[in-house]
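In case you want the letters, here they are:
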Amino acid sequence: VQLQASGGGLAQTGGSLRLACSASGSIFSINLWGWFRQEPGKQRDMVALITRSNNADYADSVAGRFTISRDTAKKSVYLQMDRLKPEDSGVYYCAAGRLQLGSYDMDYWGNGTEVTVSS
């Protein structure tokens, strides 16, 4: 499975961006998709997750502002980011993996797409 992310860029505080991630290859074994953010010198943190049954989970910092969705037919997952804040800046990575017994492993990672929010 290969993941290709796109849609990053520059936005102003309060603005919006939409990230997209498309998958190639067999996704039969994947039941979890997600977006993660990484800032320079920091660890990669979960932003949003969505299961095969479209149950979503968000980091507290983005809940109510970001929306994750997916399109099975297009083998794509999206992250709609609204009311952006400067602290949302970073490199965003899409990922895919497996959710089992309350924990998850992301087996596949896409390229990063950079988001910069100006104040």
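Residues numbered from 1 in each chain as written. Predicted model: local features only at pLDDT ≥ 70, side-chain atom pairs only at ≥ 80, totals over all residues. Heavy atoms only, no water.

A. Highlighting the overall build of the chain. From N to C terminus, the chain includes zero helices and 10 strands. Reading the secondary structure of the chain in the N-to-C direction produces β-β-β-β-β-β-β-β-β-β. By the compact-globule yardstick of 14 Å for 119 residues, the chain fits well, its C-alpha radius of gyration being 13 Å. The principal-axis extent of the C-alpha atoms belonging to the chain is close to 40 × 25 × 25 Å. Evaluated residue by residue, the chain yields a buried proportion of 37% over its 119 residues. (Helix = DSSP H or I, 4+ residues; strand = E, 2+ residues; numbered from the N terminus. Rg over C-alpha atoms; globule rule 2.2 N^0.38 Å. Buried < 20%, exposed > 50% of the residue type's maximum accessible area, 1.4 Å probe, protein only.)

B. Here's a closer look at the nonpolar core. In this structure, Trp33, Trp35, Val47, Phe66, Leu79, Met81 and Tyr92 are the most contacted members of the largest nonpolar core, which totals 26 residues. Listing elements by their share of this core, those giving two or more residues are β1 (2-6), β3 (17-24), β4 (32-38), β5 (44-51), β7 (66-71), β8 (76-81), β9 (90-100) and β10 (103-118). In terms of residues, this core owes the most to one element, β3, which gives four residues. Membership of the second largest hydrophobic core comes to five residues, among which are Leu32, Phe36, Leu49 and Ala95. (Core = buried A, V, L, I, M, F, W, Y, C linked by side-chain atoms within 4.5 Å.)

C. Fine view of the environment of leucine 19. For leucine 19, the position within the fold is in strand β3. A relative accessible area of 0% places leucine 19 in the buried class. C-alpha of leucine 19 to C-alpha of glycine 7: the two residues are 12 residues apart in sequence and 4.4 Å apart in space. What leucine 19 contacts, discounting residues up to four positions off in sequence, is Ser6, Gly7, Gly8, Trp35, Val77, Tyr78, Leu79, Met81, Tyr92, Thr113 and Val115. (Contact = heavy atoms within 4.5 Å.)

D. Region of interest: the pattern of salt bridges. Throughout the structure, instances matching the rule amount to three salt bridges. The salt bridge partner of arginine 65 is aspartate 88, with a shortest N-O separation of 2.8 Å. With a gap of 23 residues between them, arginine 65 in the loop between β6 (56-58) and β7 and aspartate 88 in the loop between β8 and β9 connect regions that are remote in the sequence. A relative accessible area of 1% means that aspartate 88 is categorised as buried. The network of salt bridges with common partners includes Arg37, Arg65 and Asp88. (Salt bridge = Lys/Arg side-chain N within 4 Å of Asp/Glu carboxyl O.)

E. Quick peek at empty space enclosed by the protein. Evaluation of the coordinates by the stated rule reveals one cavity of 30 Å³ or more. In this structure, the largest cavity spans a volume of roughly 30 Å³. Surrounding the largest cavity, Ile27, Trp33, Arg70, Asp71, Thr72, Lys75 and Ser76 form its lining. Here the residues of the lining of the largest cavity are counted per class, giving two nonpolar, two polar and three charged. (1 Å grid on protein atoms, 1.4 Å probe; cavity = no way out; pocket = protein on both sides within 12 Å on 5 of 7 lines; lining within 4 Å. Points joined across faces, edges and corners; volume = space filled by probe spheres on them. Nonpolar A, V, L, I, M, F, W, Y, C, P; charged D, E, K, R; others polar.)

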